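Coordinate inspection notes
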Amino acid sequence: MKVHEYQSKQILKKYNAPLLQGIPCTTAEEVEKAAEKFGRSVVKSQIYAGGRGKGTVYNEPELKTVSLDGGVKLASSPQEAREYAECMLGKYLQTVQTGNEGKQVNTIYIEDCCNIESEYYFSILLDRSVAAPMVMVSTEGGMDIEEVAEESPEKIFKLHFNPLTGLADHQARLLAYQLGLKGGQIRNFIKTAKILVKAYLDTDSDLLEVNPLVLTTEDDFMVLDSKMTFDDNALYRHPEIAKLRDKSEEDPAEVEAIDNNLAFVKLEGNIGCMVNGAGLAMATVDAVSIFGKEFNAAPANFLDVGGGANAEKVKLAFRIILNDPSVDAILVNIFGGIMKCDVIAEGVLQAVREMELHIPLIVRLAGTNVEEGKKMIAESGLKVIAAEDLPDGCLKAAKAAAEYRKGAK
Amino acid sequence: MKVHEYQSKQILKKYNAPLLQGIPCTTAEEVEKAAEKFGRSVVKSQIYAGGRGKGTVYNEPELKTVSLDGGVKLASSPQEAREYAECMLGKYLQTVQTGNEGKQVNTIYIEDCCNIESEYYFSILLDRSVAAPMVMVSTEGGMDIEEVAEESPEKIFKLHFNPLTGLADHQARLLAYQLGLKGGQIRNFIKTAKILVKAYLDTDSDLLEVNPLVLTTEDDFMVLDSKMTFDDNALYRHPEIAKLRDKSEEDPAEVEAIDNNLAFVKLEGNIGCMVNGAGLAMATVDAVSIFGKEFNAAPANFLDVGGGANAEKVKLAFRIILNDPSVDAILVNIFGGIMKCDVIAEGVLQAVREMELHIPLIVRLAGTNVEEGKKMIAESGLKVIAAEDLPDGCLKAAKAAAEYRKGAK
Amino acid sequence: MSVLVDKSTKLVCQGLTGKSGSFHANQMLEYGTNLIGGVSPGKGGTNWKANSGDEKPIWNTVKEAVAAGANASVVFVPPPFAADAILESIEAGIKLIVTITEWIPVKDMLEVKHALKYNDAVLIGPNCPGIITPGECKIGIMPGFIHKPGTVGVVSRSGTMTYEAVNQTTQVGLGQSTCIGIGGDPVKGLDFIDCLKLFQDDPNTKQILMLGEIGGDSEERACEFIKNHVTKPVAGFIAGTHAPEGKRLGHAGAIVQGSCGTAKAKLEAMASAGITIAENTNDLGNAVLRASGK
Amino acid sequence: MSVLVDKSTKLVCQGLTGKSGSFHANQMLEYGTNLIGGVSPGKGGTNWKANSGDEKPIWNTVKEAVAAGANASVVFVPPPFAADAILESIEAGIKLIVTITEWIPVKDMLEVKHALKYNDAVLIGPNCPGIITPGECKIGIMPGFIHKPGTVGVVSRSGTMTYEAVNQTTQVGLGQSTCIGIGGDPVKGLDFIDCLKLFQDDPNTKQILMLGEIGGDSEERACEFIKNHVTKPVAGFIAGTHAPEGKRLGHAGAIVQGSCGTAKAKLEAMASAGITIAENTNDLGNAVLRASGK
C-alpha cells in the first residue's frame, strides 16, 4: 500500500527521524496560513507518483492546458505559496511516473526550508535474491536511482542487514564512509540510518525511500522527500497505517478487485481476461498479446479469480472487466483442479444470463470434468464460443473482438 | 544488580504485566493510609532476599528477640496492617536466604488481594550450557524451585527462546499446555508470558522470577511476587534501573570495591587475600582453606585487583581488607605478567609504609621480574614475609595470623 | 524413488479443523497420502472425521504429532498465525513443511527463513500448491488425478501453470517423478536451485521442467546452476513476457522493477543454459520431449 | 603445527589507538606477531607508531583491513561498542576474533553468538587473555616470555591461572603447543570442547591441560567429551572448590547456584573421565607429567 509523502513523514516523525516542519493543507487559504509560519516555504503537491518536481500541472484530466510548470515549488512568501496552491489544488499533475494520465492534486504539503550542503539517496527494501532487507545509498541524491544504476552503478552502495536486529552501528558506519562523510556527519548519519531502518521494520514497510536525504550546512541530516509503501499482507497489524489508504488515487476497478480478494491489473488492450491462478493469468496475457497481434488485439487486463471460482466471483470478475469501455471480448481460461470444470461452466453461464452479456465470450476449459463443462456450454444456447486450447482461445477472442468492434461502429 | 520486589513490579508495570495495586511505604502511618485503599491487604517487607514469608523479624541485628513471625502478612484491616508494619520497619528480617544475618527492613509494600485459583512458578534466565535464555515454569507455585527440582523434577518445564525475537506464540502455548491450562487461561497465560519475556529482554535482566504467578478465580494471571536482577554490564543503558540500586542492602566493602572496579566478596575467615586474576584469586581462597586448616585459618575474602595492580589499587585493596576486624593477616598472591613483579612489590611496600600496616603481610610473587621483586621486599626493612609458592604462602599466613591473634589478645 | 515425499511420509495437517484444511485433507487422504492427524490448538484430544468415516486424532501441539510419528506437515493456518505454525513445526523437529497459506507478511517469512538456517527442515511455500509424488504421496491442493507416475521432475513458481505442465507431460506419455510448486512469494522456502539439485540427484527423474515467471532473479540464478551442475535435459517456460513494468501481477513476486526480473533476461538466461524453451502454455509437454531429444 | 594461530596469522587490532590496545599491540609486535594495522573509526588514513618506530596503518573499517590481508583480529574496544566490533569482524570475513574486552553485556554476546552460527568465524573470549602459539604468534595480553614451544595444549577459563600453568609446564620441560584462554564469561566463543577437539587433532599437542572453575557445566560437558573422543593424556584443575554458594567470584561465570556448577561435580566428572587432577595451583606442571606417565 502506498501513502502520500506527508503521511510517510508523519509516520517517520514517531521514530524521531530528522524532518523539517510541515503542514498538510487542502485549501489555498490553509496553504497561505501554513506558509506564514515559515516565511519561505516549499509547496508540494501530494500524489502517489514520483517525479513531481519535474512534472506539469494541467487544468483538466485530458491534460490540455498547463496550469503550472512543476508540482513542487519554492515560495518566497505566503502569498506566493497561496498562488502556487491555487494552480495545483483540484488540478492534474502529470509526471514521468503517472504515464499518459494526470493525477488529481487534492492535498498540498507546506514545508519549511533548510540550508542544503549536499544531497544523498537513501532507501530500504527487500533484496529478493537473498531474502534479506537491504539499505541502498548513493552520493547521487535527488536523481532517479534507476538512472544512476544504469549510468554510474559504482556510486550505489548496498548493504544487507538482519531483519531481527536491524542495522548495526558498524554497518551504518560503513555506509557513511562509503558516502565519504566525515566526523560529526558520520554520527548523525548513523543515527538517522538506524531510525529509518527501525521505522521500516516496525511498520512492515516494503519500501522506504528518502530522496534526497540532505546534509545541511550544520552537518545535520534531513529527510527532505520520503516515500513509503507497506506490505499489504501485514496491514492488519497496523490499522493506523491501513486507514491512510487513499482510494481516490487508485483505479476504481482495482480497488473493487482488492476488496473482493481478486487480483486485477488494468492493461491497455481490448480483450478482457478471466483466469484462475496468477501464473496462468500471466501466461494468458502473454498469449493474447502474441496470438492476438494479427487482429490488433491485446489484453485489457490481468485478472486472477483464484481457486474457488464460483458464480458470484465470476459475475464480479465480469463486472470489473466490463467497466472498461475498451473491452471488445472476454476470454475465460480455466484449468479445473479441485474446482471442477462443470461447476465453473455453470457459474459462467449463470453470469452470462443474469448480466445479459452483449460482447463475445470465449471459454477455454481444461482439467477436472472438462468434457462435462464443454457440453454444458455447447448445450446452453447462449452465445459462448468454446476454445480447444489457449492459442485457439486467443485467436477466436481476437477475431470476435474485431468483428464486434466493426459491428458496433 | 538486585532490586526490591516493589521496584521490579514498577518496571513490569511499564510492560502492562498483570499486577495487583500496591504502594511502597517507609512509615507505619503511610502503611495504614495505603491499606485503607484495599481493606484487606498484604504487608510485605522489602529486602533483597527471598523466603520472606517464612522468615522471622527480630528487634536487633544480633537476632535475639523476635518482633514478628514472618516477613509477609495478610492484614484484614488498615489497623492490623499498621501493627504489622510497626513490627517490621527498622527491624531485622532473617530468612533461609539471608543466612545467619538479618536484613534491616526499610520499606514495606502494601498490596491488594486477589482470589487465587492456583499458583504457578515462572522464571526467565540464561541457560549457560547452551548460551540461550529460557523460560522455566512449574505447577508447584510458591515453593522453592530448587526444592522442586530435587523432589519432583518432572513438574518443571524448560523452554529456550531466541533472544532476538522473544517468546513465540507456539512456545508460550506449549508451556500453557504443559501446565495443564485450558481455554481462556491459555490465552491469558500466553499474553502474560510474552510480556514478561519482553520485559526481561528489554531491561537486560539476568533473572526474572515470578513465584507465585497466580491464576485467579476469574481465569486471569497475576504476578504475585516478583524478583528481578539485572546484568551489571548493561546498566549503562538503563540509568533509570541503575539508580534503583540500594547500597544499604549491600556489604559496604563490596560497594566500595565495585565502585573501584575491584572484584571483592566477603567471606567468613581471618586471612585477607589480595590476588590478581579471578581464577587465581579463587584458587587462592581454595589454598588458604586447605593449607590453613591446621591453624584454624580460613580466607576472609575473595579479592581480584585485576591486571594493573598499581600502588593506588593495592592501597585501596588493603583498606577494604582491613575494614574487616576479623582479618589477622594478609596474603598477597601475584603472578606478574605484563605488570612486572618489581613494580608490584614497590606498590605493596609503598602501601605498607603509608598505611602503617600492623598485621602480618605475606607476599608470594611469581612471573615477570620475580627476583627483583623479592629482593626489594627483602631489603625494604619492613615486616613483610616472603613466600616461595602458594602453599608456602598459605601456611606462613595461617601461622602468622595465629601468632598475631595470640599476641593481640 | 522420488524427491522429498513418498509412501513413508507421515503427514500432520496444521489447521485440519478449518474449512480449507478439512477439505484438502480429505482430498489428500483420497489420493492415498498417509495423513496421521491434525494440530488445532484448543481442540487436542478430539477426533476429526474424514469423508470416508475414518477418524484422525487432533493434537494441541506439533510436538505431540511428532511423538505420534509425524515427519511432514502441511500448513492451512490463517496468515496472521501461519509463520508461528511453521516455526512450531521447525522447533518440533518436522523435516518437511508445506505451507499452502497465502498472504503471509514478508517480515514473518523473514523470521521463518532465519529459523530455517539453524535447522535442517525443508520448507515448501508459502502460497504454493504443494508437492506430489504421483501414486505415492500428495501434500497440497493440486488435483491429484491429472498426475501420472513417470520421469519428469516439475518445479514451478505458479499453481495452475503447474497443472498445465502436469497435464501435458501426462498426455505426451512421460508422467512425473515429483512435482514441486515453490510458490510465488518473494520470501519462501525451497527455490528453483534447491529443487534442481534434488531432481539432478534423483535417479527416477529423467527430465526437468521448470516454470518461471517475471520478477526477482531466481530463474537467472537457476540457469547459472543448470549450466554448471545439471546434466539432465531441462525444458522451461516464463510467464509474464507481456507484463507491464512496475505492476504486480497477482503473485507478490511477479513484479518487474527497472531492468530486474524481466522476461527477456530470464529467457536469455534459459537459452544460454541450453534449456529448451516452451513457446507457449500449449507447448510444455512437447518442449520436454524436444529437450530429451524425442 | 599448532592450533588456530601461527606464523601465517595476519592480525588487525580493533581499538589500536586506545591506551590498552596500543600497549598490548606493542607487546604483541615485540613477541613477533604479524600485526598489520589497526581499526579505529574516524582515524582511518593515519598511522600508528609502534615503540620500535615502525608505523602501521589505521583503517576506518575492518573491511579495509581484510582487503589489506588481515585474517585475524583482536578486540580492545570498550564494552558498549565491543559486540558491534566483533560483529563487524564477522561480517568482514575475519576468521579468528580474539576479544579481550571485559564487561560486555550478556545480551550483546547473545547477538554475537547468533551471528557466529551463520558464519565460520571463530571467537575467543570475551574477557580472556587470548591465544598464543609459543615462538610464532601471540594474540592477547599474556606475558609472552613465560611460554616455551612444546607439547602441552593449555585451555583455561581464567587468565592468571593460565600463566601459572604455562610457567609450570615450561619449568617441567614440556613447553606448550598452543594456549587458549577462553575467558570467564557465561556467553562466549570457543568453549572447552571446541579447544579439546582442536588439541586432539593437532599432531604437535601431546598432552592437554584444562583449567576450569566453578559455575556453569562446561567442565562437566568437556569431561564427557574427553571420555568419548580424547585419546591424549589430560590433566585438570578446578578453581573455586571453597567458594561460597550464590556468590559471584570475579568472573561472571563463576557462581554456584543450587547443585549446578559445584566444584565437587566438576572434580567427579574429571575423575570419571580419567583426567589427572592437580592437587593445588603448585601441582599443575607435575599433574601433566603424571598424566603422561612420566
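Residues numbered from 1 in each chain as written. Chains lettered and ligands numbered in written order. Predicted model: local features only at pLDDT ≥ 70, side-chain atom pairs only at ≥ 80, totals over all residues. Heavy atoms only, no water.

Another aspect to go through is the overall build of chain A. Helix and strand content of chain A: 13 helices and 20 strands. A principal-axis box enclosing the C-alpha atoms of chain A has dimensions of 80 × 50 × 40 Å. For chain A, with 409 residues in total, the buried portion stands at 56%. Taking the intrachain contacts of chain A between residues at least 6 apart in sequence as the baseline, contacts between residues at least 24 apart amount to 69%. Taken as a whole, chain A presents about 17100 Å² of accessible surface, with 49% of it coming from carbon and sulfur. (Helix = DSSP H or I, 4+ residues; strand = E, 2+ residues; numbered from the N terminus. Buried < 20%, exposed > 50% of the residue type's maximum accessible area, 1.4 Å probe, protein only. Contact = heavy atoms within 4.5 Å. Areas by Shrake-Rupley, 256 points an atom, 1.4 Å probe, with all protein chains shown as cover.)

We now examine the domain arrangement of chain A. Along its sequence, chain A is organised into domain 1 (21-111), domain 2 (116-241) and domain 3 (252-408). For domain 2 of chain A and domain 3 of chain A, the distance between their C-alpha centres works out to 43 Å. (Domains from an automatic or database assignment.)

Here the focus is the interface of chain C and chain A. In many reports, interface size means the accessible area that the parts give up when they come together. Each side of the interface is counted separately: chain C has 55 residues, and chain A has 47 residues. When chain C packs against chain A, the two sides together hide about 3800 Å² of surface, and 63% of this comes from carbon and sulfur. On inspection of chain C and its partner chain A, the count reaches two salt bridges. Between R237 of chain A and D108 of chain C there is a salt bridge; the shortest N-O distance is 2.6 Å. (Buried area = accessible area lost by both parts, 1.4 Å probe. Salt bridge = Lys/Arg side-chain N within 4 Å of Asp/Glu carboxyl O.)

Residues and elements named next belong to chain A. Tracing the chain through its elements places T192 in helix 6 (residues 183-202). Considering only alpha carbons, one finds T192 and E101, 91 residues apart in sequence, at a separation of 36 Å. Apart from residues no more than four positions distant in its own chain, T192 is found in contact with P18, L213 and F221. Within the local environment of T192, its side chain forms a polar contact with the backbone oxygen of N188, the two atoms lying 2.9 Å apart. (Polar contact = N/O pair within 3.5 Å; in protein donor to acceptor, adjacent residues only side chain to side chain.)

Our focus in this paragraph is the domain arrangement of chain C. Residue and element names in this part refer to chain C. With domains assigned, chain C is organised as domain 1 (11-124) and domain 2 (142-291). Relative placement of domain 1 and domain 2: their C-alpha centres are 26 Å apart. Contacts between domain 1 and domain 2 engage eight residues on the former and nine residues on the latter. Summing the contributions of domain 1 and of domain 2, the shared interface buries around 770 Å²; its carbon and sulfur component is 68%.

Right, let's talk about unusual backbone geometry for a bit. Residues and elements named next belong to chain B. The peptide bond linking N211 to P212 adopts the cis configuration, its omega dihedral lying at 5 degrees. Tracing the chain through its elements places P212 in strand 12 (residues 205-216). For A131, which is not glycine, the phi dihedral falls at a positive 55 degrees. Structurally, A131 can be placed in the loop between strand 9 (116-127) and strand 10 (132-138). The buried category is assigned to A131, whose relative accessible area is 14%.

On to the sheet that holds strand 6 (residues 92-94) of chain B, then. Across the sheet, four strands lie side by side as 4-3-6-7 (chain B); this open sheet has antiparallel pairing. Edge strands, defined here as strands with exactly one partner in the open sheet, are strand 4 (66-69) and strand 7 (103-104) of chain B. (Pairing = 2+ DSSP bridges.)

Glancing now at the packing of aromatic side chains. This structure, assessed with the given rule, holds 11 aromatic pairs over all chains. Centroid distance F189 of chain A to F221 of chain A: 5.6 Å. Interplanar angle 70 degrees. Geometry classified as edge-to-face. With F189 of chain A in helix 6 and F221 of chain A in strand 13 (residues 221-223), this pair connects stretches of sequence that are 32 residues apart. On the basis of relative accessibility, which here comes to 1%, the residue F189 of chain A falls in the buried class. Look at Y120 of chain B and F221 of chain B: their rings are 6.1 Å apart centre to centre, the planes differ by 50 degrees, and that puts the pair in the tilted class. Linking Y120 of chain B in strand 9 with F221 of chain B in strand 13 (residues 221-223), this pair joins segments that are 101 residues apart in sequence. Exposure remark for Y120 of chain B: the relative accessible area of 9% places this residue in the buried category. Among the aromatic residues, ring-to-ring pairing joins Y120, F122, F189 and F221 of chain A into one connected group. (Phe/Tyr/Trp six-rings, centres within 6.5 Å; stacked < 30°, edge-to-face > 60°.)

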